[in-house]
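# Fold and contact review
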Amino acid sequence: SGLKNELLELSGDYPNIKEYIRVLDTLAQLQTGQGPGPLFSATGLMQLTLKTFGHLRIDTSLAKESNTYFQEASTLFQKGQQPDRIEKLLVQSLAVSPRHLDSWEYLGALLFAFGRTEEALVTYNQLYQLDSSNLETMSHIAECYYHLGFPGLARSHANHLEILNAKVRIPVVNRIIQMIVS
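In this text, all values refer to a predicted model and were calculated from it rather than measured experimentally.

So, about helix α12 (residues 171–181). Think of an α-helix as turning once every 3.6 residues; residues three or four places apart then point the same way. Every buried residue belonging to α12 is among Val173, Asn174, Ile176, Ile177 and Ile180, and all of these are buried. Angular distribution of buried residues about the axis of α12 spans 165°; they occupy a single face of the element. Buried residues along α12 sit in contact with α10 (135–147) and α11 (151–165).

To continue, consider the packing of aromatic side chains. According to the stated counting rule, one finds 3 aromatic pairs in the structure shown. Look at Phe77 and Tyr106: their rings are 4.7 Å apart centre to centre, the planes differ by 55°, and that puts the pair in the tilted class. Placement of the pair is Phe77 in helix α6 (residues 68–79) and Tyr106 in helix α8 (residues 101–113), with a sequence separation of 29 residues. Assessed through its relative accessible area of 28%, Phe77 is described here as partly exposed. The exposure class of Tyr106 is buried, given its relative accessible area of 17%. Between Tyr145 and Phe150, the aromatic rings sit 6.5 Å apart at their centres with planes inclined by 90°, giving edge-to-face as the arrangement. Tyr145 sits in the buried class, given a relative accessible area of 16%. Each residue in the set Phe70, Phe77 and Tyr106 is aromatic and connected to the rest through ring pairs, giving one cluster.

Opposite charge on two side chains makes pairing possible when the charged atoms of those side chains draw close. With the rule as written, the count across this model stands at 4 salt bridges. With a closest N to O distance of 2.9 Å, Arg85 and Glu72 form a salt bridge. One end of the pair, Arg85, is in helix α7 (residues 83–96); the other, Glu72, is in helix α6, and 13 residues separate them in sequence. Glu72 gets classed as partly exposed once you look at its relative accessible area, which sits at 34%. One salt bridge connects Glu119 with Arg116, and the closest N-O pair in it is separated by 2.7 Å. Judged by relative accessible area, which is 1%, Glu119 ranks as buried. Overlapping salt bridges bring together Glu87, Arg116 and Glu119 as one network.

Before going further, it helps to spend a moment on the packing of α10 against α11. Between α10 and α11, the least distance of the axes is 8 Å, while the angle of their chain directions is 160°. Relative to α11, the element α10 is oriented roughly antiparallel. Considering only the axes of α10 and α11, their crossing is left-handed. Contact residues: Leu135, Met138, Ser139, Ile141, Ala142, Tyr145 and Tyr146 in α10; Leu153, Ala154, His157, Leu161, Leu164 and Asn165 in α11. By residue class, the composition of the contact of α10 with α11 is 10 nonpolar, 3 polar and no charged.

Mapped onto the secondary structure, Ser97 falls in the loop between α7 and α8. Of the polar contacts made by the side chain of Ser97, one reaches the side chain of Asn67; its length is 3.3 Å. Excluding anything up to four places from it in sequence, Ser97 contacts Ala63, Lys64, Glu65 and Asn67.

Position of Thr137 among the secondary structure elements: in helix α10. In contact with Thr137, other than residues within four places in its own chain, are Tyr124, Leu127 and Tyr128.

Let us now look at unusual backbone geometry. Of note in the backbone geometry, Gln82 takes a positive phi value of approximately 50° without being a glycine. Phi angles above zero are rare outside glycine, and Arg169 is one such case at about 50°. Positionally, Arg169 belongs in the loop between α11 and α12.

Conventions and cut-offs
In every chain, residue numbers begin from 1 and rise along the written sequence. Two thresholds apply to this predicted model, a pLDDT of at least 70 for residue-level local features and 80 or more for giving and counting side-chain atom pairs, whereas whole-chain, interface and lining totals are computed over all residues. Side-chain numbers come from the whole structure's heavy atoms, not from hydrogens or water. For every residue, the accessible area (1.4 Å probe, protein chains only) is compared with the maximum for its type, and the residue is labelled buried under 20%, exposed over 50%, or partly exposed between those bounds. Segments assigned H or I by DSSP are reported as helices when at least four residues long, segments assigned E as strands when at least two residues long, and all are numbered from the N terminus. Note that the arc is defined by the directions from the helix axis to the C-beta atoms. Here, two residues are considered to be in contact whenever any of their heavy atoms come within 4.5 Å of each other. Stacked, edge-to-face and tilted labels apply to pairs of Phe, Tyr and Trp rings (six-membered ring for Trp) whose centres lie within 6.5 Å, assigned for plane angles under 30 degrees, over 60, and everything in between, in that order. What counts as a salt bridge is simple: a side-chain nitrogen of Lys or Arg found within 4 Å of a carboxyl oxygen of Asp or Glu. Each axis is a line fitted through C-alpha atoms, and for a helix only the stretch in contact is used; angles between axes span 0 to 180 degrees, taken between their N-to-C directions. Just so you know how the angles are binned, under 35 degrees is roughly parallel, over 145 roughly antiparallel, 65 to 115 roughly perpendicular, and the rest oblique. Each helix crossing is assigned a hand: it is left-handed if the near helix lies turned anticlockwise from the far helix by less than a right angle, otherwise right-handed if that turn is clockwise. In this classification, Asp, Glu, Lys and Arg are treated as charged, Ala, Val, Leu, Ile, Met, Phe, Trp, Tyr, Cys and Pro as nonpolar, and every other residue, Gly included, as polar. Polar contact is the term for a pair of N or O atoms within 3.5 Å; when the atoms are in protein, one must be able to donate a hydrogen and the other to accept it, and sequence-neighboring residues count only if both atoms are side-chain atoms.

Here it is as structure tokens:
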């Protein structure tokens with residue numbers, strides 16, 4: 001691509017650009033559904049997210065209502081049953097209603113609970129695009145960074161969250177802040 005060629009020309013002066021080019025190549029693979037392993041192709045989550053990232057915030061014509069897929073997933077989630085089925089239902093829910101906040105939130109929680117932290121991070125970032133004022137979403141992003149081995153980034157988020165959460169004192173946000181800063 002033109003951008004890739006321009007970046008390659010600059011790579012002599014800026015060695016870190018080669019890493020950025022690698023990221024661009026990976027994103028191009030993900031957009032075609034050819035991710036770097038089963039982590040990104042299992043649910044099609046990365047493909048769905050990359051197709052909609054940023055657009056969800058701007059395109060208000062996309063559905064945001066709850067739907068039967070979400071309702072069934074929510075019932076199973078509350079019962080702690082059939083996590084594989086829940087995941088499929090949530091992805092179907094998002095295909096029907098890409099701006100549905102609860103579907104993104106439940107999917108992030110499910111992925112994180114099963115140790116799929118990278119996918120949870122992508123999911124929570126998507127949710128943040130839709131509702132950037134939600135402190136719980138911000139705290140889950142920080143928690144993902146922490147568990148992925150980025151303590152500096154997690155701490156930066158936690159410091160910001162401490163200020164924002166000072167008046168409202170949301171318990172889950174407090175718990176995550178304490179985990180990161182201690």
